[in-house]
Amino acid sequence: MPGMNGFECLKRLKEHSDFKNIPVVILSAFSDYGEQELAYSLGASFFLCKLSDFSLLKKIFRINLISTF
């Protein structure tokens, strides 16, 4: 993303009254625990590592997101 990273974008979304209640899913190529903690501390709803199998990713969303919200 030009101009800012995903964490800065998440921070700005959660600071804005029009967007702060929208669930945000972080999809990252990295599985670093520190990045996961940062994402959750900034208000992310879920943190997922990118998967090579798109059908598995869809299944994860279906199970976790739909049942949660």
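Everything in this summary refers to the structure shown in the same document. (Residues numbered from 1 in each chain as written. Predicted model: local features only at pLDDT ≥ 70, side-chain atom pairs only at ≥ 80, totals over all residues. Heavy atoms only, no water.)

## A look at the overall build of the protein
What the protein contains, in helices and strands, is 3 helices and 2 strands. Taken over 69 residues, the protein has a buried fraction of 17%. Across the protein, the fraction of contacts at a sequence separation of at least 24, relative to all contacts at a separation of at least 6, is 25%. (Helix = DSSP H or I, 4+ residues; strand = E, 2+ residues; numbered from the N terminus. Buried < 20%, exposed > 50% of the residue type's maximum accessible area, 1.4 Å probe, protein only. Contact = heavy atoms within 4.5 Å.)

## Considerations on the nonpolar core
In this structure, F7, L10, V24, I26, A39, A44 and F47 together form the largest nonpolar core, which totals 7 residues. The residues contacting L10, other than those within four sequence positions of it, are V24, I26, A39, L42, G43 and A44. (Core = buried A, V, L, I, M, F, W, Y, C linked by side-chain atoms within 4.5 Å.)

## Some words on the pattern of salt bridges
The final tally for this structure, using the stated rule, is 2 salt bridges. Taking the shortest distance from any N to any O, the salt bridge between R12 and E8 comes out at 3.0 Å. Placement of both R12 and E8 in helix α1 (residues 6–15) is noted, with a separation of 4 residues, approximately one turn of the helix. The partner of E15 in a salt bridge is K11, and the shortest N-O contact between them spans 3.8 Å. Highlighted residues: E15 and K11, both in helix α1, separated by 4 residues, approximately one helical turn. Residue class for E15 comes out exposed when judged on its relative accessible area of 56%. The class for K11 is partly exposed, based on a relative accessible area of 37%. (Salt bridge = Lys/Arg side-chain N within 4 Å of Asp/Glu carboxyl O.)

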